[in-house]
Each structure stands twice: as structure tokens, then as C-alpha cells.
There are 2 protein chains.
Amino acid sequence: MENTINEVVILDKWLKSLAMQTHGALSLLDDAALLNISADEELVITTDMSQEGIHFLPTMRGGLVASKVLAVNLSDLAAMGAKPLCYQLALGLTEAQGANWMDSFAVSLAEMQRSFNIGLNGGDTIKKCAALTIAITAFGTVPKGTALLRTGAKAGDDLYVSGTIGDGGLGLAFLQRKILEIDQVHSQFLERRYWYPTPRIELGIALRGVANSCMDISDGLMIDCRKLCAASVVAAEIDYNLIPLSNAAAWVRENMPTLFEDCISSGDDYELLFSAPTEKADLVVQIAAQTNTRITKIGSIKAGDGSVNLIQNNQLISLSNEGFVHY
Amino acid sequence: MENTINEVVILDKWLKSLAMQTHGALSLLDDAALLNISADEELVITTDMSQEGIHFLPTMRGGLVASKVLAVNLSDLAAMGAKPLCYQLALGLTEAQGANWMDSFAVSLAEMQRSFNIGLNGGDTIKKCAALTIAITAFGTVPKGTALLRTGAKAGDDLYVSGTIGDGGLGLAFLQRKILEIDQVHSQFLERRYWYPTPRIELGIALRGVANSCMDISDGLMIDCRKLCAASVVAAEIDYNLIPLSNAAAWVRENMPTLFEDCISSGDDYELLFSAPTEKADLVVQIAAQTNTRITKIGSIKAGDGSVNLIQNNQLISLSNEGFVHY
């Protein structure tokens, strides 16, 4: 029975009690933790660990690994409405990463640092690892009390997503050669969306005081929406026809409907999923314009206990794959 | 030539430039980074990554792994004079860690949390890793401007260490069956010193405003002293006969002199190495009494360029092994 433990069990059975008395740990329910360290600001802290073979392909260049792992962390800061500040890098290298790989890795990190106005603050390096492993702890700030949490969704809220959904999962499917007969413009778009997720930093900051709840979609729209609803003790209804798709994803839906259904909620989107009171709908439209971000209302929050219903033409439907379940 | 890169090269060639504009990164020279976030305090941040097969034996129980990896991080906080606050845990599990292992791991973390009055603040868990990997980022606080740095040593300073030196390395040698005919009292002591390093938190805090420079000895007395001297652009002279030994280590020196010399500076001590002006020598004695910590003057800081001379009976000597060089 040693192998029946999974991430949820590990969190519930062993880790949550260790975080019980840490106020800013938010019961380990959220995208990031808070640290209350000054009169007017809170530090937002998030950690993500990635390993070759699990989170990225062993053949990835250093630059692709760097931008993806840092973007994943920045996306967690975006989900909390934080302004990025700096990061700690724990880099576990294998024999396979040499000077060329490190060049590519460092150049890409430097570009990300410039784009997001952040710096490397510290870390650790080990070599001779069994598999390339990277753990990043990223830091951001929010004015005290304004962090966007998963716990604030209220029945009646509108439910929104940024950008388009499914591209990351479809990009991975393309890389795994599950999509073959696709136009190159589409495949390059999907591949790019997989390698280079867009942390929605500006949007997260603009949503402070507007969104009641927020998280980033990393494991898949459906499974992540359930997490948000469970944390807020509400339910949600998502209209399948409203889920925003890129042209490339729409092409896959037309031409490979089964694969599309497998991938639409398979994760790697790194878009924001958030809820806001209906009276703030105009404000959300303004924020979309102001941050130059596509924002789509895909459903609403209901009273309930964490369930998420997917409806299409007034009928309840379900997807063949509802998200990336950690092992 | 892909495999000629080592930790020093990685730091100098790729990582330092990424940290150049991050003020609190301290040029990646120190045990931890600083984050300037309130008017009167700084946050001290340290990251350590450990992997099975490199930093601990694959057969280690969860509790031993937990206390060792957290202690290593807390030792870095101690080296900066910081009061521990909380930590982020990135836990990469393999198929080998089941419920019993996790029980032991979590119980040990809970004990450490109580001992040091800290809490788990967040993190990440992945499974199906190629090797058990743990990255901890630990946080502490210091009043602004009081962090103990590696860069402050001045010619004329006395050079001190806490506790006794070499026990951790000898404990590992015992576990590796390089020491066989040893009294059980000694072997248990050495083993315990290897598994359960003592983060010198109280001492680090007491040394604020007293020590000119400080670091913790993780890679070995000689090699770490060279790092401190290089960071401060000074030299040091250490008197071999003054290096404080436990009874167990003294027994090994008597009975296995070659092995002793191999291990005395092989790392895993997690004692503090610090320098202080001679006029504060009485204060250091008081601090030793007040924190109930053995503190020994082992030498002094000279003008110089990073070199460390080991002398015995007025003669320059050298050790067969001067420290743990990362790959």
C-alpha cells in the first residue's frame, strides 16, 4: 500500500498540520503563501518544483526549461495579484547539462528578469542529480489585505477566464505526436503556448479589489475550478460553448474532436480563473481593455459544496479528461 | 568538455550576473539572501537542495532526512544572525517513500518546528521522481543592517568556531564503515552529530553587532574559511592544535590518524565560523556562557587575498583533505 499516497493525501494527512499555525500559509489551499512583514505590504511567496520526465521533456533546451519553470512561478504570483520582486533558484543538474545548456538557461532567465523586472536573489546548485530538477521560490508583493485568494468566491459571482483555454495541453499533444495533420501556423502557436506560458501579472494586479477569488489554471480548467469552489465552499456552472478557444484550438475541435476533448482541460494553460460580483462586470471589461487581455465570462458561481457542472445547450455534459491529476 | 563545469563555474559564469542587480542577493557570496521589506527588519532567505545519493543515504528514514535538511537551512539562518520564521518545502518523492516514511518525515518536521518556533508556509510536492529530492527555502528576520555577513572580516580579528569540528565527517565515515573498532559511545555520538546537526541560532543572534564576519561550516573548516577570507579579501591563520575536538574525534585522532586527517575538514559540521575584533574577546566569552555554547578561538585574520594557513607548533602544515568540493 506504500504507493497509494498521492498529492492530495500528502497535503491532507501530513503537510497541512505542519502549516496549521503558520498564518500566511492559508492552510496550503492557495497558489502562494503570504508573509506579513511590514505595515502596508505583504510578501507573496510561491514554490514550484519541476523535474525532467514529469514536467518537461528530457530533450528540452536550457532556455525552454528556464522560461517555463520561472513562468509557472510567476503565474502563481499573478493568481494572487502580486507584483513580482525576485526569486530563489535551486538547480539540480545531471551530467547532461553542459556549458551550452547553461548558456541557454541563463540567457532565458535574464530575458525573463528584464520582462518582469525581477532579479535572482539566491539559491543552491547541485550536480550529478539522477534527473534535472529545478525548484523555484518566487516572491512578490501586494498591499496588505489585497491578495487574491481562492477562498473568496461567492454565490452569484460571474466566473471568468483570461486568454484562451486548452492551447498548452494541445501544444503538448502536438509535441507528443498526437496531432499530425495540422497547419504549421496552428502547430507553432500551440507549441509556443506550451513552452512559453504568459504569466498574467498585470491582470492579477488590476483585479485587486475587483475579483472575489482567483487562481491560475495549471492542472486544467475543470479540476482547478473544483479546487477554487472547494476552497470557497461554493459550486460553479461553466458553459462549454463560452470557453474561449484560439483559432488553433478551434481547428483541433473541428478536426480531432476526441483529442480536443482530451486536451481542453488537461492543464498547462496558466491563464487566470477568477470570480467577480456581477455589479463589477463593467469594471472587468475595462480591466480587459486596460491590460490588453482577452477576458471571457464562462459561467457563474452557485451555492454548493465544491461541485462544478459543465453545461452545453442547457444540458449537463462531461469531458473525457477533466484535468491533470498529480500521480 | 560538457562535464567540466562545477558549482564555482556555474556561480561565476552564469548565476552571478543574474543576481547583479538584486541588492539583497549579496552577489551570491553569502549563506543567505536579504530582502528589504520593512522599515526596521530585513528578511533573511536561504535555499538548500538535497538529493538522495548525494547528500544523504538512500536508506535514511523520513525523520532523519527531515531533520537534516531543515537543520542545514536553519544553520544558514544562524550564520546570518537571523531569527527563524518559517519555510517553504519542495518535496520530490520517489516510489520508495510510502506512508510510513511520510509519517516519520512529518513527525520530525513537527518536532523541529516546535524546537525553533517556526511553521511550514507553503511549497510543492511531486512524485515519481528519479531520486528523492528536497529543496527548502527558509526565512528568518534580522533588525535592519545587523545581518552577519561573510564580507566583514578585518585583519587583526580573532577567528572562532562554535562546538567541535570534524564530528559530522567522522559520523559519515562511521556510517560508510570506514571506522570499525570504535567504542559504541563514540560511534553513537558521531553518528548523531552527522544526522542531527545543531543550528546555532541563539549564538548567531547573540553575535549581531559583535562578530565582523560569520558563516556556517558545511563543506569543511578549511575550504569554508577560504570562502570567508575570499569574500572579505583577507587571509587567515588557523592553529591546528586549537581546533576543538569532541572526545570521540580525539579518539579517532589517536587511533586512526590518517582517517582523522581525511575527515577533520570534510564538512557536515554546521558549526559557526566567525571573526570578531580582539577588543570584543571578553564579549565573545560572555556570549559563550550566555548561549551555553562552546566557543574556541582557533586563529586570527591577517591582511591577504583569501589564503588560509594551517599551522602547528609554528610550522605550516596541510591536511590530506581540505573539504568537500562540490563535484
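Residues numbered from 1 in each chain as written. Chains lettered and ligands numbered in written order. Predicted model: local features only at pLDDT ≥ 70, side-chain atom pairs only at ≥ 80, totals over all residues. Heavy atoms only, no water.

**Looking at the sheet that holds strand 8 (residues 235-239) of chain B**
The strands making up a sheet are joined through hydrogen bonds of the backbone, oriented either antiparallel or parallel.
Residue and element names in this part refer to chain B.
For step 1, the next point in the chain: With respect to topology, seven strands assemble into an open sheet ordered 7-9-6-10-8-11-12, the strand pairing being mixed. This sheet does not close on itself; its edge strands, each paired only once, are strand 7 (213-216) and strand 12 (315-317). Averaged over all pairs of adjacent strands, the angle between their axes in this sheet comes to 30°, without regard to strand direction.
For step 2, the next point in the chain: For strand 7 and strand 9 (residues 272-276), the ladder comprises four bridges, and the chain directions are antiparallel. Each residue of the ladder has a partner; that of Cys214, found in strand 9, is Phe274.
For step 3, the next point in the chain: Packed on one face of the sheet, helix 10 (residues 281-290) meets strand 6 (158-162), strand 9 and strand 10 (295-302) and runs near 5° to strand 6. (Pairing = 2+ DSSP bridges. Helix = DSSP H or I, 4+ residues; strand = E, 2+ residues; numbered from the N terminus. Axes fitted to C-alpha atoms, helices over the stretch in contact; angles between N-to-C directions. Contact = heavy atoms within 4.5 Å.)

**Let's talk about the sheet that holds strand 5 (residues 133-143) of chain A**
All names here are of chain A.
For step 1, the next point in the chain: Taking strand neighbours across the sheet as the criterion, the five strands line up as 1-2-5-3-4 in an open arrangement whose pairing is mixed. Bordering the open sheet on either side are strand 1 (33-36) and strand 4 (119-126), each of which pairs with just one other strand. The average undirected angle you get between the axes of adjacent strands in this sheet is 20°.
For step 2, the next point in the chain: Where strand 3 (residues 83-92) and strand 5 come together, nine bridges link them in antiparallel fashion. Within the sheet, the bridge partner assigned to Gln88 lies in strand 5 and is Thr137.
For step 3, the next point in the chain: Relative to strand 5, helix 2 (residues 62-79) is tilted by about 35°, and along the sheet it contacts strand 2 (41-51), strand 3 and strand 5.
For step 4, the next point in the chain: Sheet contacts for helix 3 (residues 99-116): strand 3, strand 4 and strand 5; angle to strand 3, the most-contacted strand, approximately 165°.

**Concerning the relation of the copies chain A and chain B**
For step 1, the next point in the chain: For the pair chain A and chain B, the best superposition has an RMSD of 0.0 Å and corresponds to a rotation of 180° with a translation of 0.0 Å parallel to the axis. Such a combination of rotation and displacement between the chain copies is what one expects of a two-fold axis. When C-alpha distances to the rotation axis are compared across chain A, the minimum falls at Ser38(A), with a value of 2.4 Å.
For step 2, the next point in the chain: A symmetric contact is evident, with 100% of the interface residues of chain A recurring at the interface of chain B. (Least-squares fit on C-alpha atoms with pLDDT ≥ 70 in both.)

**What about the packing of helix 5 (residues 184-195) of chain B against helix 8 (residues 247-255) of chain B?**
All names here are of chain B.
For step 1, the next point in the chain: Viewed as axis vectors pointing N to C, helix 5 and helix 8 meet at an angle of 115°, and their least axial separation amounts to 9 Å. It follows from the interaxial angle that helix 5 and helix 8 lie roughly perpendicular. In this structure, the crossing between helix 5 and helix 8 has a hand that is left-handed. Residue-level inspection shows His186, Phe189 and Leu190 of helix 5 in contact with helix 8, the latter providing Asn247, Ala248, Ala249, Trp251 and Val252.
For step 2, the next point in the chain: Looking at the contact of helix 5 with helix 8 residue by residue, the classes come out as six nonpolar, two polar and no charged. (Parallel < 35°, antiparallel > 145°, perpendicular 65-115°, else oblique. Left-handed = near helix turned anticlockwise from the far one by under 90°. Nonpolar A, V, L, I, M, F, W, Y, C, P; charged D, E, K, R; others polar.)

**Some points on the confidence of the model for chain A**
For step 1, the next point in the chain: Residue-level pLDDT values for chain A average 91, and 97% of them are 70 or greater.
For step 2, the next point in the chain: Across the whole predicted complex the pTM is 0.92, and at the interface the ipTM reaches 0.90. (pLDDT = per-residue confidence, 0-100.)

**Focus: the interface of chain A and chain B**
When the parts of a complex come together, some accessible area is lost, and that lost area is often used as the size of the interface.
For step 1, the next point in the chain: Taken together, the contact between chain A and chain B spans 68 residues of the former and 68 residues of the latter.
For step 2, the next point in the chain: Counting the surface lost from both chain A and chain B, the interface buries some 5,600 Å², and carbon and sulfur atoms represent 65% of this.
For step 3, the next point in the chain: Counting across the interface, chain A meets chain B through zero salt bridges.
For step 4, the next point in the chain: At the boundary of chain A with chain B, the tally comes to 17 residue pairs in polar contact (both at pLDDT 80 or more).
For step 5, the next point in the chain: Those elements giving two or more residues to the side of chain A that touches chain B turn out to be helix 1 (7-18), strand 1, strand 2, strand 3, helix 3, strand 4 and strand 5 of chain A.
For step 6, the next point in the chain: A breakdown of the residues in the side of chain A that touches chain B according to their chemical character gives 37 nonpolar, 22 polar and nine charged. (Buried area = accessible area lost by both parts, 1.4 Å probe. Salt bridge = Lys/Arg side-chain N within 4 Å of Asp/Glu carboxyl O. Polar contact = N/O pair within 3.5 Å; in protein donor to acceptor, adjacent residues only side chain to side chain.)

**A short note on helix 1 (residues 7-18) of chain B**
For step 1, the next point in the chain: Between its terminal C-alpha atoms helix 1 of chain B stretches 15 Å, which fits the 16 Å expected from 12 residues at 1.5 Å a residue.
For step 2, the next point in the chain: Within helix 1 of chain B the residues assigned to the buried category are Glu7(B), Ile10(B), Trp14(B), Leu15(B) and Leu18(B). Across the axial projection of helix 1 of chain B, the buried residues extend over an arc of 100°, all falling on one side.
For step 3, the next point in the chain: Buried residues along helix 1 of chain B sit against strand 3, helix 3 and strand 4 of chain A. (Expected span 1.5 Å × (residues − 1). Buried < 20%, exposed > 50% of the residue type's maximum accessible area, 1.4 Å probe, protein only. Arc of directions from axis to C-beta.)

**Here's the deal with the environment of Gly306(A)**
All names here are of chain A.
For step 1, the next point in the chain: Checked against the element boundaries, Gly306 lands in the loop between strand 10 (295-302) and strand 11 (308-312).
For step 2, the next point in the chain: Exposure remark for Gly306: the relative accessible area of 11% places this residue in the buried category.
For step 3, the next point in the chain: Residue contacts for Gly306: discarding those within four places in its chain leaves Arg226, Cys229, Ala230, Val234 and Ala235.

**Notes on the packing of aromatic side chains**
For step 1, the next point in the chain: Tallied over the full model, the rule gives seven aromatic pairs over all chains.
For step 2, the next point in the chain: Aromatic side chains Tyr160(B) and Phe274(B) sit 5.1 Å apart centroid to centroid with 15° between the ring planes, which places their arrangement in the stacked category. One end of the pair, Tyr160(B), is in strand 6; the other, Phe274(B), is in strand 9, and 114 residues separate them in sequence. Just as Tyr160(B) is buried, Phe274(B) falls in that class too.
For step 3, the next point in the chain: Above the face of the Tyr196(A) ring, Arg192(A) is positioned so that its terminal group lies 4.6 Å from the ring centre.
For step 4, the next point in the chain: One cation-aromatic arrangement involves Lys68(B) over Tyr194(B); the distance from NZ or CZ to the ring centre is 3.6 Å. (Phe/Tyr/Trp six-rings, centres within 6.5 Å; stacked < 30°, edge-to-face > 60°. Lys NZ or Arg CZ within 6 Å of the ring centre and 35° of its normal.)

**Section: the pairing of strand 9 (residues 272-276) of chain A**
Residue and element names in this part refer to chain A.
For step 1, the next point in the chain: Counting buried positions along strand 9 gives five out of five residues, so the element sits mostly inside the fold.
For step 2, the next point in the chain: Neither face of strand 9 is open: one carries Leu272, Phe274 and Ala276, the other Leu273 and Ser275, and all of them are buried.
For step 3, the next point in the chain: Pairing of strand 6 (residues 158-162) with strand 9, which is carried by four bridges, proceeds in the antiparallel orientation. The residue of strand 9 that forms the bridge with Tyr160 is Phe274.

**Quick notes on unusual backbone geometry**
Trans peptide bonds make up most of the peptide bonds, and negative phi angles are found at most residues other than glycine.
For step 1, the next point in the chain: Not every positive phi belongs to a glycine, and Asn314(A) is a case in point at roughly 65°.
For step 2, the next point in the chain: If you trace the backbone, Asn314(A) turns up in the loop between strand 11 and strand 12 (315-317).

**A word on the environment of Thr278(A)**
Residues and elements named next belong to chain A.
For step 1, the next point in the chain: Structurally, the position occupied by Thr278 is in the loop between strand 9 and helix 10 (281-290).
For step 2, the next point in the chain: Given the relative accessible area of 45%, Thr278 is considered partly exposed.
For step 3, the next point in the chain: In this structure, the C-alpha to C-alpha distance between Thr278 and Leu89, residues 189 residues apart in sequence, is 41 Å.
For step 4, the next point in the chain: Excluding anything up to four places from it in sequence, Thr278 contacts Gly156 and Asp158.

**A word on empty space enclosed by the protein**
For step 1, the next point in the chain: The final tally for this structure, using the stated rule, is one cavity of 30 Å³ or more.
For step 2, the next point in the chain: Taken as a whole, the largest cavity holds about 40 Å³ of empty space.
For step 3, the next point in the chain: Contributing to the lining of the largest cavity are Thr47(A), Gln88(A), Ala90(A), Ala135(A), Thr137(A), Thr47(B), Ala90(B), Ala135(B) and Thr137(B).
For step 4, the next point in the chain: Listing elements by their share of the lining of the largest cavity, those giving two or more residues are strand 3 and strand 5 of chain A together with strand 5 (133-143) of chain B. (1 Å grid on protein atoms, 1.4 Å probe; cavity = no way out; pocket = protein on both sides within 12 Å on 5 of 7 lines; lining within 4 Å. Points joined across faces, edges and corners; volume = space filled by probe spheres on them.)

**Some remarks on the side chain of Thr164(A)**
Residues and elements named next belong to chain A.
For step 1, the next point in the chain: Relative to the helices and strands, Thr164 is located in the loop between strand 6 and helix 4 (167-175).
For step 2, the next point in the chain: Relative accessible area serves as the criterion here: at 8%, Thr164 is assigned to the buried category.
For step 3, the next point in the chain: Reaching out from Thr164, the side chain makes a polar contact with the side chain of Asp167 at a distance of 2.4 Å.
For step 4, the next point in the chain: In this view, Thr164 contacts Arg193, Pro244, Leu245, Ser246, Asp269, Glu271 and Arg294; residues no more than four positions away in its chain are not counted.

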